[in-house]
Amino acid sequence: MTTRLKPVDAVIIGFGWSGALLAEVLSRAGLSVIALERGPYRDTAEDFPPSRAPDELRYAVRHDLVVKPAENTITFRNRSDQTALPVRAWGSFLPASGAGGGGVHWNGQTWRFRPSDFTLKTTILERYGRRFLPPDLTIQDWGVTYETLEPYYDRFEYLCGISGKSGNLQGKIQPGGNPFEGPRARDYPTPPLTMPYAAALFAKAAAEGGYHPFPQPSANLSQAYTNPFGVTLGACSYCGFCERFGCGNYAKASPQTTLMPLLRRRPNFSLRTECLVLAINHDGGGKKARGVTYKDASGEDFFQPAGIVLLAAYTFENIRLLLLSGIGAPYDPASGRGVVGRNYSYQTTSSVQLGFAERLLNPFIGAGALGMIVDDWNGEHYDHGPLGFIGGAYLAALATNSRPILNHPTPPGTPRWGAEWKRAVAKSYLRTTRILASGSSLSHRGAYCDLDPTYRDRFGRPLLRVTFDFHPNDLRMSHFVTDRLAEIARAMGPEWLTIAKRQAPYSIVPYQSTHNVGGAIMGTDPETSVVNPYLQSWDCDNLFVVGASAFPQNASYNPTGTVAALALRTADAIIGRYLRAPGSLA
């Protein structure tokens, strides 16, 4: 039996960064708002005290902040002629579970996408012509520009206190920042973190090679900061326990450390945790959402009526709930028609490991977003014509961690076990670093999501099936930028180095990135997108689908800054336009 609850103005599915930002804006405007989160509530003081938070076994190895595959997973295959199998242990990516979502265990790397990222297809066609675009790539413009999103990027950066150095301030290039970024109205709210030795070596070698190194924009704060809501965060201690961990020092921006102290005081907002949404209820034709049905921790079912439904879960769950609820046309890879599940894309990464004979790098000094970046081979500001690929990557020396269980660097040729391996690890630990390339992933016809015909979850619902492999374009791009990365590595003067280029087929086993995007993408044409430029469903005007699922393809950067900017714009559009005149905003 399903219990019908009192109606509310808005119900939010998922309480990560997107859900929390939507909740703040809508509840501030006076709407009654309920957020439903499938995982538990965790907060800094009770769950991540500095005495217990740096538990590598619990969080980095056993994935305590990640959804349990026994409760919710996907099936995966590389090609549509293969049989997908369920993922029983997370590897390549780590979907979060719990209030705050990935905003709790993220690194804190906070980027703005470049202006050309939002008009990628138009830019490519205008610059190189249609024949330059591989016919099976399905990239498209976003329907929104960098200039439109700039004020929302700014709001998020000042909410979090992001540490960084501007490179383009109101159109004027700033020394020490990223000269290739889009213009920003004002500088970061706090200065960059202090660079560790390896990042300094990387920056010196890159600058001597003619590149333009700059500090990583970071949600690990360089100094104490009080945000516009009066919530204060602390300064980073460089402990290196950021990615996969909650921050016990209140030094990493998360929904808990920036917004929850505010939301707790609002009587018109309620967060219900351990509540799994089963479906979005609608009028039967998928034209008007009526609310959601969810199951709480005791197994009881509830129907929560709402005037507006905001689907703000992780990418996979956004796609799956649309498909399970029968909203929008499922994508058919054979015909290329349909939209839900279309344009899934990932991230294309590679790395170079370096070992030094005498230099002590002290890699245990770290933070999630601490390092130096080179953006010279990213985006569209260089000539791709002779290179034969689209996209690019940022090159980085990031001191994200060097924790003892998972980090055992050794030179090439070292045995994989025994006394010689132990001696090599002891010698190499302080003298080794890894630099990386984080590259774009362009959507293509063979990369998509649909419902698995065989495997189901514990409630009998079909699992989401993901079909993906790296496109040859992305591999050409990755190999090119990895060669540039290796050139900088050699200029750093190592005793040895190993180069790890990205190769096909994509493997879902080793960790690469949690940046799964697309599948419910935004655009200006309902024939090729699920949501309009305000992230409003084309089919159901009181349903908004918010998150990285809206990305038509993935740029090289980490997505959180753009996810937050889009969420804030959607919230403003609901308050400023939709409530005054309900209906399509585009």
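Placed above this text is the structure.
As a starting point, this report considers the structure included with it. For clarity, every value in this text was computed on a predicted model and none was experimentally measured.

### Digging into a nonpolar patch on the surface
Turning to step 1, where the next piece is worked out: On the surface, a nonpolar cluster with roughly 310 Å² of combined accessible area is contributed by Leu-57, Val-61, Ile-405 and Leu-406.
Turning to step 2, where the next piece is worked out: Among the secondary structure elements, Val-61 is positioned in helix H3 (residues 56-61).

### Here's the deal with the pairing of strand E2 (residues 8-13)
Turning to step 1, where the next piece is worked out: Buried residues dominate E2, accounting for five of its six residues.
Turning to step 2, where the next piece is worked out: Strand direction decides the pairing type here: E2 and strand E14 (residues 301-311), joined by five bridges, are parallel. Directly across from Ala-10, in E14, lies its bridge partner Ile-308.
Turning to step 3, where the next piece is worked out: In this structure, E2 lies alongside strand E3 (residues 33-36), joined through four bridges in parallel fashion. Bridging from a neighbouring strand, Val-11 pairs with Ile-34 of E3.
Turning to step 4, where the next piece is worked out: Handedness of the crossover joining E2 and E3 through helix H1 (residues 17-28): right-handed.

### Describing the sheet that holds strand E19 (residues 448-456)
Turning to step 1, where the next piece is worked out: Spatial strand order, E5-E4-E20-E19: four strands in an open sheet with mixed pairing. Each edge of the sheet is formed by a strand with only one pairing partner; in this case those strands are strand E5 (85-86) and E19.
Turning to step 2, where the next piece is worked out: Taken together, the four bridges between strand E4 (residues 74-77) and strand E20 (residues 462-467) define a ladder with parallel strand orientation. Bridge pairing in E20 places Thr-75 opposite Arg-465.
Turning to step 3, where the next piece is worked out: The sheet contacts of helix H10 (residues 315-325) involve E4, E19 and E20, and relative to E20 the element is tilted by about 125 degrees.

### Regarding helix H5 (residues 120-128)
The periodicity of an α-helix, 3.6 residues per turn, causes residues three or four places apart in sequence to face the same way.
Turning to step 1, where the next piece is worked out: Every buried residue of H5 is listed here: Leu-120, Thr-123, Ile-124 and Tyr-128. An end-on view of H5 places all buried positions within 95 degrees of arc, on one side of the element.
Turning to step 2, where the next piece is worked out: Backbone geometry just downstream of H5 places Gly-129 in the positive-phi region, at approximately 90 degrees.

### Observations regarding the side chain of Ser-537
Turning to step 1, where the next piece is worked out: Structurally, the position occupied by Ser-537 is in the loop between strand E21 (496-500) and strand E22 (543-545).
Turning to step 2, where the next piece is worked out: Here the side chain of Ser-537 touches Asp-539 through a polar contact of 3.0 Å, landing on its backbone nitrogen.
Turning to step 3, where the next piece is worked out: Discounting chain neighbours no more than four positions away, the residues touching Ser-537 are Ile-327, Val-530, Val-531 and Leu-543.

### Description of unusual backbone geometry
Turning to step 1, where the next piece is worked out: Each neighbour pair has its own omega, and for Ala-504 with Pro-505 the value is 0 degrees, a cis peptide bond.
Turning to step 2, where the next piece is worked out: As for its placement among the helices and strands, Pro-505 is situated in the loop between E21 and E22.
Turning to step 3, where the next piece is worked out: The phi angle at Glu-274 is positive, at roughly 55 degrees, despite the residue not being glycine.
Turning to step 4, where the next piece is worked out: Turning to its location among the elements, Glu-274 is positioned in the loop between strand E11 (269-272) and strand E12 (276-282).
Turning to step 5, where the next piece is worked out: With relative accessibility at 41%, the residue Glu-274 sits in the partly exposed group.
Turning to step 6, where the next piece is worked out: Unlike most non-glycine residues, Leu-535 shows phi in positive territory, near 65 degrees.
Turning to step 7, where the next piece is worked out: Tracing the backbone through its elements, the reader meets Leu-535 in the loop between E21 and E22.

### Quick look at the sheet that holds strand E17 (residues 393-398)
Turning to step 1, where the next piece is worked out: Spatially, the six strands line up as an open sheet ordered E8-E16-E17-E18-E15-E21, and their pairing is antiparallel. Looking at strand neighbours, the two that pair on one side only are strand E8 (214-215) and E21, the edges of this open sheet.
Turning to step 2, where the next piece is worked out: Helix H12 (residues 472-491) rests against strand E15 (348-355), E17, strand E18 (432-439) and E21 of the sheet, and its axis sits at about 20 degrees to E15.

### Some points on the packing of H1 against helix H6 (residues 146-160)
Turning to step 1, where the next piece is worked out: Packing of H1 against H6 brings their axes to within 13 Å, and their N-to-C directions diverge by 100 degrees. Looking at the two axes, H1 sits roughly perpendicular to H6. Judged by residue contacts, Trp-17, Leu-21, Val-25 and Arg-28 of H1 engage Arg-155, Phe-156, Leu-159 and Cys-160 from H6.
Turning to step 2, where the next piece is worked out: Counted by class, the contact of H1 with H6 contains six nonpolar, no polar and two charged residues.

### Regarding the packing of aromatic side chains
Turning to step 1, where the next piece is worked out: The full count for this structure, using the stated rule, is 36 aromatic pairs.
Turning to step 2, where the next piece is worked out: Arg-184 extends its terminal NZ or CZ atom over the ring of Tyr-188, reaching a point 4.1 Å from the ring centre.

### Brief notes about the environment of Phe-48
Turning to step 1, where the next piece is worked out: Note on placement: Phe-48 falls in the loop between helix H2 (44-47) and H3.
Turning to step 2, where the next piece is worked out: Along the backbone, Phe-48 and Asn-72 are 24 residues apart, and their C-alpha atoms lie at a distance of 25 Å.
Turning to step 3, where the next piece is worked out: Once residues within four sequence positions are removed from consideration, Phe-48 is found in contact with Arg-42, Asp-43, Ala-53, Tyr-59, Leu-65, Val-104, Gly-246, Cys-247 and Gly-248.

### Here we look at the pattern of salt bridges
Turning to step 1, where the next piece is worked out: Summed over all chains, the structure comprises 21 salt bridges.
Turning to step 2, where the next piece is worked out: The partner of Arg-79 in a salt bridge is Asp-81, and the shortest N-O contact between them spans 3.0 Å.
Turning to step 3, where the next piece is worked out: Taking the relative accessible area as the measure of exposure, Arg-79 reaches 44% and is therefore partly exposed.
Turning to step 4, where the next piece is worked out: A salt bridge links Arg-465 to Asp-450; its shortest N-O distance comes to 2.7 Å. Of the two residues, Arg-465 sits in strand E20 while Asp-450 sits in strand E19, which places them 15 residues apart along the sequence. Asp-450 shares its class with Arg-465; the two are buried.
Turning to step 5, where the next piece is worked out: Each member of the salt-bridge network shares a partner with another, and the members are Arg-112, Glu-150, Glu-157, Glu-181 and Arg-184.

### Quick word on the environment of Met-260
Turning to step 1, where the next piece is worked out: Here Met-260 lies in helix H9 (residues 260-263).
Turning to step 2, where the next piece is worked out: C-alpha of Met-260 to C-alpha of Glu-24: the two residues are 236 residues apart in sequence and 8.9 Å apart in space.
Turning to step 3, where the next piece is worked out: Filtering out sequence-adjacent residues up to four positions away, Met-260 remains in contact with Phe-15, Tyr-41, Pro-255 and Leu-271.

### With respect to the side chain of Asp-541
Turning to step 1, where the next piece is worked out: The topology assignment puts Asp-541 in the loop between E21 and E22.
Turning to step 2, where the next piece is worked out: The class of Asp-541 is buried, set by a relative accessible area of 19%.
Turning to step 3, where the next piece is worked out: Of the polar contacts made by the side chain of Asp-541, one reaches the side chain of Lys-288; its length is 2.9 Å.
Turning to step 4, where the next piece is worked out: Dropping the residues within four chain positions of it, Asp-541 is found in contact with Lys-287, Lys-288, Gln-536, Tyr-578, Gly-583 and Ser-584.

### A look at helix H7 (residues 197-208)
Turning to step 1, where the next piece is worked out: Here H7 is twelve residues long and its end C-alpha atoms lie 17 Å apart, about the 16 Å a rise of 1.5 Å per residue gives.
Turning to step 2, where the next piece is worked out: Of the residues making up H7, those classed as buried are Ala-198, Ala-199, Leu-201, Phe-202, Ala-203, Ala-205 and Ala-206.
Turning to step 3, where the next piece is worked out: Packing partners of the buried residues in H7 comprise strand E16 (371-374), E17, E18 and H12.
Turning to step 4, where the next piece is worked out: Just past H7, the residue Gly-210 takes up positive phi, approximately 95 degrees.

Calculation rules
Residues numbered from 1 in each chain as written. Predicted model: local features only at pLDDT ≥ 70, side-chain atom pairs only at ≥ 80, totals over all residues. Heavy atoms only, no water. Patch = residues over 30% accessible without salt bridge, like charges linked within 9 Å, V, L, I, M, F, W, Y side chains within 5 Å. Areas by Shrake-Rupley, 256 points an atom, 1.4 Å probe, with all protein chains shown as cover. Salt bridge = Lys/Arg side-chain N within 4 Å of Asp/Glu carboxyl O. Helix = DSSP H or I, 4+ residues; strand = E, 2+ residues; numbered from the N terminus. Buried < 20%, exposed > 50% of the residue type's maximum accessible area, 1.4 Å probe, protein only. Pairing = 2+ DSSP bridges. Right-handed = clockwise from strand over helix to strand, strands pointing away. Contact = heavy atoms within 4.5 Å. Axes fitted to C-alpha atoms, helices over the stretch in contact; angles between N-to-C directions. Arc of directions from axis to C-beta. Polar contact = N/O pair within 3.5 Å; in protein donor to acceptor, adjacent residues only side chain to side chain. Parallel < 35°, antiparallel > 145°, perpendicular 65-115°, else oblique. Nonpolar A, V, L, I, M, F, W, Y, C, P; charged D, E, K, R; others polar. Phe/Tyr/Trp six-rings, centres within 6.5 Å; stacked < 30°, edge-to-face > 60°. Lys NZ or Arg CZ within 6 Å of the ring centre and 35° of its normal. Expected span 1.5 Å × (residues − 1).

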